[in-house]
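Survey of secondary and tertiary structure
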Amino acid sequence: AVPFEKPRAVVKKLLAESQSEGQGATVRRSIGSHELRNLDPFLMLDEVSVSKPAGFPDHPHRGFETVTYMLEGACIHQDFAGHKGTIRAGDVQWMTAGRGIVHSEMPAGDEVNKGLQLWINLSSKDKMIEPRYQELQSKNISRAEKDGVEVRIIAGEAFGVRSPVYTRTPTMYMDFTMRPGSQLHQPIPEGWNAFVYIVDGEGVFSRDKSAPVSAHHCIVLGAGDGISVWNKSGAPLRFALVAGQPLGEPVVQHGPFVMNSRAEIQQAMEDYYYGKNGFERASQWSSSA
Ligand SMILES: Nc1ccc(F)c(C(=O)c2c[nH]c3ncc(Cl)cc23)c1F
Ligand SMILES: [Fe+3]
């Protein structure tokens, strides 16, 4: 049986190269790199590898959301409103920065910490909303298993299971692990932009005639209503499948500020500098060891 009317093809494939970021950290940036500036509504996807004393010390965000998903180790985050916590392997922190957050994200233990951080743009009407967090511990992440395919559902629905995460910008974000020889047919809402980031192993996506795609590669999917994946290797295949409804608005980014115009970026820089319009607490706060 044909699983989809319009299976999505692979329209772009890129290797995420390592680059330095933050203070002494290394990230493999796929979306957000020069090769793939952004994929509306997604602004950045970093695969992060960081060990003490490196990390991401105090910095601001305005106008978008960050989704931190730890793969190994743990990350301590603290923000200027006194919100503190540890994001452990398998945990998710979905942070809606909105009008303004200043926080630090530092490794917790002495081992290597690995994680994914996805930046999702907010629509102009949501860019200045109050900041808020949706935090899920690993044990509370929706999961399902079928025919050798295990899925952890960070946002959206797979195998009839839906994540409780509220996505202002409609988004699906899934972590699939496929046993050798297994196949997957996953629906993806038509009209949404979609990509896959391979974390481990290698897989054949959408019957792409070329060679299987391996770890640290990002593949952008074309139009359609779903994707078929086949793990024909002898090892498990682990990848993130991310898709989102495009916002179709201008993107003006200056580091951690993402607005719709240069004037709004100017305003964000001024608000951060003078501690106004959501950055009131910025001037009195710094992260503690
Ligand atoms: N220079 C600079 C400027 C602005 C930032 F927001 C950051 C920053 O915090 C990160 C950028 N990639 C990331 N991946 C994972 C994590 Cl946990 C944090 C980041 C940064 F490094
Ligand atoms: Fe941050």
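Figured I'd write up the structure that's included with this text.

Conventions adopted
- All residue numbers refer to positions counted from 1 along the written sequence of the respective chain.
- Chain letters and ligand numbers both follow the written order, the letters beginning at A and the numbers at 1.
- Only residues with pLDDT of at least 70 are given local features in this predicted model, and only at 80 or more are side-chain atom pairs given and counted; all residues enter the totals for whole chains, interfaces and linings.
- The side-chain quantities take in all heavy atoms of the structure and omit both hydrogens and water.
- A cavity here means a set of points on a 1 Å grid, drawn over the protein atoms and nothing else, where a 1.4 Å probe fits but cannot get out; a pocket is an open set with protein on both sides within 12 Å along at least five of seven lines, and a residue lines either one if it has an atom within 4 Å of a point.
- Grid points are joined across faces, edges and corners, and a volume is the space filled by probe spheres set on the points.
- Working definition: helices are DSSP H or I runs of at least four residues, strands are E runs of at least two. Numbering for both runs from the N terminus.
- Each residue gets one of three labels, nonpolar for Ala, Val, Leu, Ile, Met, Phe, Trp, Tyr, Cys and Pro, charged for Asp, Glu, Lys and Arg, and polar for the others, Gly among them.
- For the purposes of this section, nonpolar cores are sets of buried Ala, Val, Leu, Ile, Met, Phe, Trp, Tyr and Cys residues that join through side-chain atoms within 4.5 Å.
- Note on exposure labels: buried denotes an accessible area under 20% of the residue type's maximum, exposed denotes more than 50%, and partly exposed covers the range between, all computed with a 1.4 Å probe on protein chains only.
- The criterion used for residue contact is that any of the two residues' heavy atoms lie within 4.5 Å.

Glancing now at the layout of surface pockets. Within this model, the largest pocket holds a volume of roughly 530 Å³. Looking at the largest pocket, it is lined by 31 residues, and the ones nearest its centre are E21, D46, F56, Q117 and W119. Among the elements of the structure, β4 (42-50), β5 (56-61), β6 (64-72), β7 (74-79), β10 (101-107) and β11 (113-121) are those that each provide at least two residues to the lining of the largest pocket. By residue number, the principal contributor to the lining of the largest pocket is β11, which donates 6 residues. In the lining of the largest pocket, the residues fall into 14 nonpolar, 10 polar and 7 charged. The calculated volume of the second largest pocket comes to roughly 250 Å³.

Our focus in this paragraph is the nonpolar core. Core analysis: the biggest nonpolar cluster contains 28 residues, and V67, L116, L118, Y173 and F195 have the highest contact counts within it. Among the secondary structure elements, those contributing two or more residues to this core are β4, β6, β9 (92-96), β11, β14 (149-155), β19 (193-200), β22 (217-221) and β24 (237-244). Those residues in contact with L116 that sit more than four places away from it in its chain are L45, D46, E47, V67, T68, Y69, L71, Y173, Y197, V199 and A240. Counting residues in hydrophobic clusters, the runner-up holds 26 residues, among them A144, M172, L184 and L221.

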